[in-house]
Amino acid sequence: MRELLELIAGPTVETLAMVSAAALAASALGAPVGLLLYLIAPGGLVERPALRRVLDRLINALRSFPFIILMIMLFPLSRLVVGTSIGTAAAVVPLAIAAAPFVARVVESSLAGVDRGVVDAAVAAGATKARIAFGVLLPEALPSLVSGLALTVINLIGYSAMAGAIGGGGLGDLAVRYGYHRFRLDVMAAAVVVILILVEGVQAAGDRISRRIMSMR
């Protein structure tokens, strides 16, 4: 048991670091796009139908791209950004790019769920578009955004396990190298259990924070 705990500890930390960094990067990339998609939609504050169609198709294409293939294609970019295409740091680049379209859709959907009357009231009060976007829409959509971020992190945990299969490090790498190749079923089972615990923990935290925000209104 002690050996198993020692084996699992390092990859767990790697997975947490990899997922956290990728979630931050994906949010930085995807959230502005999601806000833009909402603003330029038909009936939005700044309608741009042609631009929206282009962004919409681009996001759909990226979301449907198989992650393993995407990661392999982005090896050169990972090498350019972090100096290597193997390991935890290198895996953050494709993880962030794979999750960014999902974040964009989450933000767009959350903003679309805001009561239109709140937006109309802000427009009638003479609020600027920037004020409406950042002072009205985002705060109103915060509970949904938190839940969406939790789902993004959960997806990233699953992606990180796949990344480990091709040199990404973390729990996926442990399960493949020590569990599968060395016929250590206990290691594979332990890696799966830790991944499940991480997923449950993120989901519970997201639900709790979202409920807390709702109760403060």
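Up top is the structure.
Description of the structure in this document. These numbers were taken from a predicted model, which means no experiment stands behind them.

1. Comments concerning the packing of helix H9 (residues 170-180) against helix H10 (residues 185-215)
Then comes step 1: At their nearest, the axes of H9 and H10 sit 7 Å apart, and the two run at 165 degrees to each other. With respect to H10, the axis of H9 lies roughly antiparallel. By crossing handedness, the relation of H9 to H10 is classed as left-handed. Contact with H9, carried on its side by Leu171, Leu174, Ala175, Tyr178, Gly179 and Tyr180, involves Leu185, Val187, Met188, Ala191, Val194, Ile195 and Leu198 of H10 and no other residues of that element.

2. Overview of the packing of aromatic side chains
Two aromatic rings are characterised by how far apart their centres lie and by the angle between their planes.
Then comes step 1: Within this structure, the stated rule accounts for one aromatic pair.
Then comes step 2: An angle of 15 degrees between the planes, with centres 4.8 Å apart, marks the rings of Phe67 and Tyr159 as stacked. Residue Phe67 is located in helix H3 (residues 67-73), and its partner Tyr159 is located in helix H8 (residues 142-164); the two are separated by 92 residues in the primary sequence.
Then comes step 3: Judged by its relative accessible area of 5%, Phe67 is buried.
Then comes step 4: Residue Tyr159 is classed as partly exposed on the basis of its relative accessible area, which comes to 23%.

3. Digging into the layout of surface pockets
Then comes step 1: Taken as a whole, the largest pocket holds about 220 Å³ of empty space.
Then comes step 2: Where the lining of the largest pocket is concerned, the elements lending two or more residues are helix H1 (2-39), helix H5 (88-112) and H8.
Then comes step 3: In terms of residue count, the dominant contributor to the lining of the largest pocket is H8 (six residues).
Then comes step 4: By residue class, the composition of the lining of the largest pocket is eleven nonpolar, three polar and no charged.
Then comes step 5: Looking at the second largest pocket, its volume works out to about 170 Å³.
Then comes step 6: Contributing to the lining of the second largest pocket are Leu29, Gly30, Val33, Leu55, Leu58, Ile59, Leu62, Ile97, Ala100, Pro101 and Ala104.

Conventions used here
- Residues numbered from 1 in each chain as written.
- Predicted model: local features only at pLDDT ≥ 70, side-chain atom pairs only at ≥ 80, totals over all residues.
- Heavy atoms only, no water.
- Axes fitted to C-alpha atoms, helices over the stretch in contact; angles between N-to-C directions.
- Helix = DSSP H or I, 4+ residues; strand = E, 2+ residues; numbered from the N terminus.
- Parallel < 35°, antiparallel > 145°, perpendicular 65-115°, else oblique.
- Left-handed = near helix turned anticlockwise from the far one by under 90°.
- Contact = heavy atoms within 4.5 Å.
- Phe/Tyr/Trp six-rings, centres within 6.5 Å; stacked < 30°, edge-to-face > 60°.
- Buried < 20%, exposed > 50% of the residue type's maximum accessible area, 1.4 Å probe, protein only.
- 1 Å grid on protein atoms, 1.4 Å probe; cavity = no way out; pocket = protein on both sides within 12 Å on 5 of 7 lines; lining within 4 Å.
- Points joined across faces, edges and corners; volume = space filled by probe spheres on them.
- Nonpolar A, V, L, I, M, F, W, Y, C, P; charged D, E, K, R; others polar.

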